[in-house]
Amino acid sequence: MRSKAEFQGKRVLIVGGGDSAVDWALNLLGTAQEITLIHRRPQFRAHEASVKELMKAHEEGRLKVLTPYEVRRIEGETWVRKAVIFQNQTQEEVELEVDAVLILAGYLTKLGPLAGWGLELEKNKIKVDTTMATNLPGVYACGDIVSYPGKLPLIVLGFGEAAIAANHAAAYANPALKVNPGHSSEKSEEKAPA
Ligand SMILES: Cc1cc2nc3c(=O)[nH]c(=O)nc-3n(C[C@H](O)[C@H](O)[C@H](O)COP(=O)(O)OP(=O)(O)OC[C@H]3O[C@@H](n4cnc5c(N)ncnc54)[C@H](O)[C@@H]3O)c2cc1C
């Protein structure tokens, strides 16, 4: 299921403690009839602000958060009917009548064919320098796939890195071009007219 509308009036169990799980739980408020989020640890990996919002919704009774809980089994024939969850320290089981289960336990990223290109890698990411150049001349990279000291996998950084990579790639492809370090109207102090 990719659409929020498909959860209209449904009882949903969400499993996970990262941003996907917490975002789905918060986004389904007002759509799903019942939302239960379980996580195997009391600590969440999601953004602090989102976790605060989640716990506030829990305290207000708008959804239910259960930790440390895991899924024992899911029952149903043609459709999910019931989930059996358990408290992972006491093993105590709880049965939940549910219409849908969202398992959001994390993503695995793969380099695919890029792994065979001869690119220098670091923890399964492509190593780049400050110009977003890889170890292969003329190959630039940006976004979540790259690695450099201090890298964060955020959209805003991906956009910035794309501009850096594109400028340097253009200058590499056509050495007559200069890498434009800013807006074309910008003048440095020494060149600015008196
Ligand atoms: C659940 C979740 C929530 C997030 N929330 C936030 C947030 O709130 N704020 C924020 O800043 N960031 C957030 N992020 C991170 C953000 O999504 C990423 O930083 C951003 O999408 C990275 O962009 P990208 O273009 O580098 O990679 P991607 O968005 O992953 O795009 C890579 C693209 O390349 C395609 N592709 C892969 N392999 C090949 C191939 N061999 N050939 C051709 N195409 C290929 C993929 O299909 C995909 O379309 C979140 C991430 C997740 C998973």
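Thresholds, definitions, all that
- Every chain begins its residue count from 1, and numbering advances along the sequence as written.
- Predicted model: local features are reported for residues with pLDDT of at least 70 only, side-chain atom pairs are reported and counted for 80 or more only, and whole-chain, interface and lining totals are derived from all residues.
- Calculated side-chain values reflect all of the structure's heavy atoms, with hydrogen atoms and water omitted.
- Take the buried residues of types Ala, Val, Leu, Ile, Met, Phe, Trp, Tyr and Cys, join any two whose side-chain atoms come within 4.5 Å, and each joined set is a nonpolar core.
- Burial classes: relative accessible area under 20% of the type maximum marks a residue as buried, over 50% as exposed, and values in between as partly exposed (1.4 Å probe, protein chains only).
- By definition, any uninterrupted DSSP run of H or I lasting at least four residues is a helix, any uninterrupted run of E lasting at least two residues is a strand, and each is numbered from the N terminus.
- It only takes one pair of heavy atoms within 4.5 Å for two residues to be counted as in contact.
- One heavy atom within 4 Å of a molecule or strand is enough for the residue carrying it to be called near that molecule or strand.
- By the criterion applied in these results, polar contacts are pairs of N or O atoms within 3.5 Å in which, for protein atoms, one can donate a hydrogen and the other can accept it, and in which residues neighboring in sequence qualify only through two side-chain atoms.
- A 1.4 Å probe and the Shrake-Rupley method give the accessible areas. Residues count as covered only by the protein chains that appear here.
- DSSP-based pairing: two strands are paired if at least 2 bridges between them are found.
- For helices, the fitted axis covers only the stretch in contact; all axes are lines through C-alpha atoms, and the angles between them, taken along N-to-C directions, range from 0 to 180 degrees.
- The source of the domain bounds is an automatic or database domain assignment.
- Stacked, tilted and edge-to-face are the three classes applied to pairs of Phe, Tyr and Trp rings, where Trp contributes its six-membered ring and a pair requires centres within 6.5 Å; stacked means planes under 30 degrees apart, edge-to-face means over 60, and tilted covers the rest.

J.: What is the right way to look at the nonpolar core in this model?
T.: Side chains of a nonpolar character, in soluble globular proteins, are inclined to be buried together. In this structure, V12, I14, L28, L37 and L54 are the most contacted members of the largest nonpolar core, which totals 21 residues. For this core, the secondary structure elements donating two or more residues are β1 (11-15), α1 (19-27), β2 (34-38), α2 (48-59) and β7 (100-103). Here this core takes 4 residues from α1, the largest share from any one element. If we ignore the near neighbours within four places in the chain, the residues touching L28 are K4, F7, V12, I14, I35 and L102.

J.: I would appreciate a short explanation of the site of the ligand in the present structure.
T.: The environment of the ligand is formed by S20, Y107, G143, D144, P153, L154 and I155. At 2.8 Å from an oxygen atom of the ligand is found a side-chain nitrogen or oxygen belonging to D144. Taking I155, its main chain carries an N or O atom lying 2.9 Å from an oxygen atom of the ligand. Compared with its free state, where it exposes 990 Å², the ligand has 34% of that area covered by protein.

J.: Is there a simple way to think about the sheet that holds strand β8 (residues 121-122) in this case?
T.: Picture the strands of a sheet paired through backbone hydrogen bonds; they go either parallel or antiparallel. Pairing is mixed across the open sheet formed by 3 strands, whose spatial order is β8-β9-β10. Either end of the sheet is taken by a strand with one partner, and the two such strands are β8 and β10 (146-147). In this sheet, β10 lies alongside strand β9 (residues 125-127) in parallel orientation, the contact comprising 2 bridges. Bridge pairing links I126 to V146 in β10.

J.: Could you clarify how one ought to interpret the sheet that holds strand β4 (residues 69-75) in this entry?
T.: With antiparallel pairing, the 3 strands of this open sheet are ordered in space as β4-β5-β6. Both outer strands of the open sheet, β4 and β6 (93-97), are each paired with one neighbouring strand and no more. Strand-to-strand, the axes of this sheet are offset by a mean angle of 25 degrees, without reference to chain direction. Relative to strand β5 (residues 82-87), β4 runs antiparallel, the two being bridged by 6 bridges. Counted as the bridge partner of R73 is V84 from β5.

J.: Would you explain the pairing of β5 in this entry?
T.: A regular strand places its side chains on the two faces of the sheet in alternate fashion. In terms of burial, β5 is a largely internal element, 6 of the 6 residues being buried. Of the two faces of β5, both are covered, the one formed by K82, V84 and F86 as well as the one formed by A83, I85 and Q87. Adjacent in sequence and paired antiparallel, β4 and β5 are bridged by 6 residues, among which G76 carries a positive phi angle near 150 degrees. Where β5 and β6 come together, 5 bridges link them in antiparallel fashion.

J.: I'm lost on the domain arrangement of the protein chain in this one. Help?
T.: A common way to state how big an interface is: give the accessible area lost once the parts meet. What the domain assignment reports for the protein chain is domain 1 (6-103) and domain 2 (114-173). If you average the C-alpha positions of domain 1 and of domain 2, the two centres end up 37 Å apart.

J.: Just to check I follow, could you spell out the packing of aromatic side chains for this structure?
T.: Given two aromatic rings, their pairing is described by the distance between the two centres and the angle made by the two planes. Scanning the model with the defined rule gives 2 aromatic pairs in all. Pairing F7 with W24 gives two aromatic rings, centres 5.6 Å apart and planes at 65 degrees, and the pair type is edge-to-face. Highlighted residues: F7 in the segment before β1 and W24 in helix α1, separated in sequence by 17 residues. For F7, a relative accessible area of 1% puts it in the buried group. Judged by its relative accessible area of 23%, W24 falls in the partly exposed class.

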